[in-house]
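Remarks on the overall topology
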Amino acid sequence: MSIVGRDIQLTQLHDMLTARDCGAGQITLVSGPTGVGKTALLHEFTQRAAKSGSLVLRAACSPRERSNAWGVVHQLLWQTGRFKGASQHTSETLAAVGRSLAAVTRAPESELDKSMDEICAAVMEMADEQPLVIAVDDLHEADPESLGCLGHLARRMVASRVLAVFTDRPGALPPYSAARAEFARQPGFTQIRVPPLTTDDIRLLLFDRLGVPADKAGAEEFHAASGGSPLLAQALIEDTRNALNGTETAASRPVAGEMFDSAVADCVHRVSAPAADLARHLAVLGPDALTALLDRNSTSPPTRLFQELTQAGLLAGPGLRHPRMRTVLCGEVSAEERARLHGRAAVLLHDNGAHLATVAEHIVVAGGIAESWAPLLLREAATEALAHDEFPKAMQLFDLAHAICPNGPLRASILFQRTLSAWQVDPAKAMRRLPELKEALEAGHLTATSGAMSLIKNLVWHGYVDEAADVLWSNGSWPTIRARRPRRRSGRCSSGCRCCARRSIGACSAMCPWMSPTRSPRRRSPRSRACTRREPCPSSCAAVSRSQRWSGPRMCWRCPV
């Protein structure tokens, strides 16, 4: 399976191979962003070079082996004598190089140059017998000792049949930057830039993998989802092929699946550590919160890191290129780190005047923050959610505001507002909050002015009369409510009914438990209300005329009894 869209780069490498055969040592640096296909290009070239009769020495660098001194040099010489086509003289030369390398690792610092001279002399002798290609992948991750040895060799291979091909990532830090400058000073140095795939390259790749021609619009969608990264594009094509189940149908839209998730994770682990952290934070916080966080923590935005992520195909503008990337990247962040990031972002967004719903979302994910303004903001966000008929979200915000609020009256007010809102949907579930509300009443955190009367009305309305009576009489709340509603009726009775007489009220109050909500059939005035307590009217009642008196129970239309 050949690589797509790299014909120009392969032609340039073949030209370097031709110049080497003419006795001019060449150093070629293949540079490009993460996931652009540098490793595949190097592998394809070394395969062609080996077929043309060159002896290829290969090595691959890794950040985990950076502390392994001389690790890259050991890889280049490890079992090279067993390569197909290696002569007896080459094997003996490699054995001498191995002995020189062993002497280097044990030599003091003052004798390192002499030992490396012996290694370079052995390599040159090997190149005189057979053209040599030294291929090192991800040279920016090499150990410092191997970098020094390769630089020592670069200064001595100007007139030799040696071609050194290295791949690296732009923006690498020291000590590789110093070694790269050493390579760039040599006469035979050439740098080859590997760009992302174009839309036409994606069309060729789709035809090569799916076997069905793809139109330009479909190729553009694949290009937009992958950013031209061969790593992400091939993963999208594989997921699309699996979704098509082998049917002879052209892929009009990309399908992201498990292969794409794995490719995103691989791409993140290949970029630099600061860029990987930035990508994870962007997935957790979003572009707005991350911008506020970066503006507060740094004097200048990390433009280089954003550029690295964009070139790797992960970013498109300020956000992630594909929605599925956020799920993958968020999975690599621990719960504690996510909570810390969201809490910090909530504070910064609040300070910058962000919308309360945005700030509340970060507070919820953080599990609450220790800020005095947080409970009030959550309550306002919950009220706004109720206005938009987002009941579950509002209940979640109310619960979190109540949990993190240390203020007693405010805490009781939030709980009361949450209970009233829950009554609109599920009164039985709202009743579970009644013991806490009664405790707030007894503690004086909830009074008639702050909602006790509304609580009683809702309890009576939903049939919880006993609970309403308990709330009514808890902590002496009745005098407060009675003082606010001293409703009296016209007409007085000398003794009154039992409830009114006990409270020295001339007429039955609207809160009298004996008062019937319906009009009495005996009531003659539309303004009066009849008492359901059927007791004899005393003879001293002035409202009873002589013509209305009879034996047995006496009833009058004014007397509440």
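Residues numbered from 1 in each chain as written. Predicted model: local features only at pLDDT ≥ 70, side-chain atom pairs only at ≥ 80, totals over all residues. Heavy atoms only, no water.

1. Quick notes on the overall build of the protein
Along its length, the protein carries 26 helices and seven strands. When the 561 residues of the protein are sorted by exposure, 45% land in the buried category. If you take every contact in the protein between residues at least 6 apart in sequence, the share linking residues at least 24 apart comes to 68%. (Helix = DSSP H or I, 4+ residues; strand = E, 2+ residues; numbered from the N terminus. Buried < 20%, exposed > 50% of the residue type's maximum accessible area, 1.4 Å probe, protein only. Contact = heavy atoms within 4.5 Å.)

2. Overview of the environment of H43
Positionally, H43 belongs in helix 2 (residues 38–51). Counting along the chain gives 15 residues from H43 to R58, while the straight-line C-alpha distance between them is 9.5 Å.

3. Some points on the packing of helix 9 (residues 216–226) against helix 10 (residues 230–244)
Where helix 9 meets helix 10, the closest approach of the two axes is 9 Å, and the angle between their N-to-C directions is 125 degrees. Taken as axis vectors, helix 9 and helix 10 run oblique relative to one another. Crossing hand, helix 9 versus helix 10: right-handed. For the pair helix 9 and helix 10, the contacting residues are F222, A225 and S226 in the first and L232, A233, L236, I237 and T240 in the second. When its residues are assigned to classes, the contact of helix 9 with helix 10 shows six nonpolar, two polar and no charged. (Axes fitted to C-alpha atoms, helices over the stretch in contact; angles between N-to-C directions. Parallel < 35°, antiparallel > 145°, perpendicular 65-115°, else oblique. Left-handed = near helix turned anticlockwise from the far one by under 90°. Nonpolar A, V, L, I, M, F, W, Y, C, P; charged D, E, K, R; others polar.)

4. Side note on the pairing of strand 4 (residues 162–168)
Within strand 4, seven of the seven residues are buried, leaving the element largely enclosed by the surrounding structure. Burial along strand 4 is two-sided: V162, A164, F166 and D168 facing one way and L163, V165 and T167 facing the other are all buried. Pairing geometry for strand 1 (residues 26–31) and strand 4, over six bridges, is parallel. Its bridge partner being in strand 4, L29 is matched across the sheet by F166. Note: strand 3 (residues 132–137) against strand 4, five bridges, orientation parallel. In the sheet register, L132 faces strand 4, and the bridge partner there is V162. In this fold, strand 3 hands off to helix 6 (residues 144–154), which returns the chain to strand 4; that crossover is right-handed. (Pairing = 2+ DSSP bridges. Right-handed = clockwise from strand over helix to strand, strands pointing away.)

5. Some thoughts on helix 19 (residues 391–404)
Given a rise of 1.5 Å per residue, 14 residues ought to cover 20 Å, and the 20 Å separating the end C-alpha atoms of helix 19 matches this to within 8%. Buried residues of helix 19: A394, M395, L397, F398, L400, A401 and H402, and no others. (Expected span 1.5 Å × (residues − 1).)

6. Some remarks on the side chain of K38
Residue position: K38 is located in helix 2. No salt bridge is formed by the buried K38. Its closest oppositely charged neighbour is D138, at 5.2 Å. Of the polar contacts made by the side chain of K38, one reaches the backbone oxygen of P33; its length is 2.9 Å. Excluding residues that lie within four positions of it along the chain, K38 makes contacts with V30, S31, G32, P33, T167, D168 and V194. (Lys, Arg positive; Asp, Glu negative; His and termini not counted. Salt bridge = Lys/Arg side-chain N within 4 Å of Asp/Glu carboxyl O. Polar contact = N/O pair within 3.5 Å; in protein donor to acceptor, adjacent residues only side chain to side chain.)

7. Some words on the sheet that holds strand 3
Pairing within the open sheet is parallel, and its five strands lie in the order 2-3-4-1-5. Every other strand in the sheet has two partners, leaving strand 2 (55–60) and strand 5 (189–193) as the edge strands with one partner each. The sheet shows a mean angle of 15 degrees between the axes of neighbouring strands, direction not considered. One ladder, built from five bridges, connects strand 1 with strand 5; its direction is parallel. When the sheet's bridge partners are listed, V30 is paired in strand 5 with I192.

8. Here's the deal with the confidence of the model for the protein
In this model, the protein carries a mean pLDDT of 78, and residues with pLDDT of at least 70 account for 71%. Taken together, the stretch residues 477–536 has pLDDT below 50 and engages in 82 contacts with residues farther than four places along the chain or on a different chain. Note that residues 542–561 has pLDDT below 50 and, in this model, 40 contacts with residues that lie over four places away or in other chains. (pLDDT = per-residue confidence, 0-100.)

9. Topic: the pattern of salt bridges
This structure, assessed with the given rule, holds 18 salt bridges. A salt bridge links R180 to D168; the shortest N-O distance between them is 3.5 Å. One end of the pair, R180, is in helix 7 (residues 176–184); the other, D168, is in strand 4, and 12 residues separate them in sequence. In this structure D168 comes out as buried when scored by relative accessible area, which is 2%. Measuring nitrogen to oxygen at the nearest pair gives 3.8 Å for the salt bridge that ties E390 to K393. Within the structure, one salt-bridge network assembled from shared partners comprises R66, E141, R169 and E308.

10. A closer look at the environment of T198
Among the secondary structure elements, T198 is positioned in the loop between strand 5 and helix 8 (199–210). For the pair T198 and G227, spaced 29 residues apart in sequence, the C-alpha to C-alpha distance is 9.1 Å.

11. A closer look at the pairing of strand 1
Among the six residues in strand 1, six count as buried, and that is most of the element. Of the two faces of strand 1, both are covered, the one formed by Q26, T28 and V30 as well as the one formed by I27, L29 and S31.

12. Thoughts on the nonpolar core
Ranked by internal contacts, the top residues of the largest apolar core, which has 76 residues, are L206, V264, L309, I363, I369 and W373. Examining the composition of this core, we find that eight residues originate from one element, helix 12 (residues 273–285), more than from any other. Apart from residues lying up to four places away in sequence, I363 is in contact with A346, G368, I369, W373, A374, L377, L378 and L400. With 35 residues, the next largest nonpolar core counts L55, C61, L150 and L153 among its residues. (Core = buried A, V, L, I, M, F, W, Y, C linked by side-chain atoms within 4.5 Å.)

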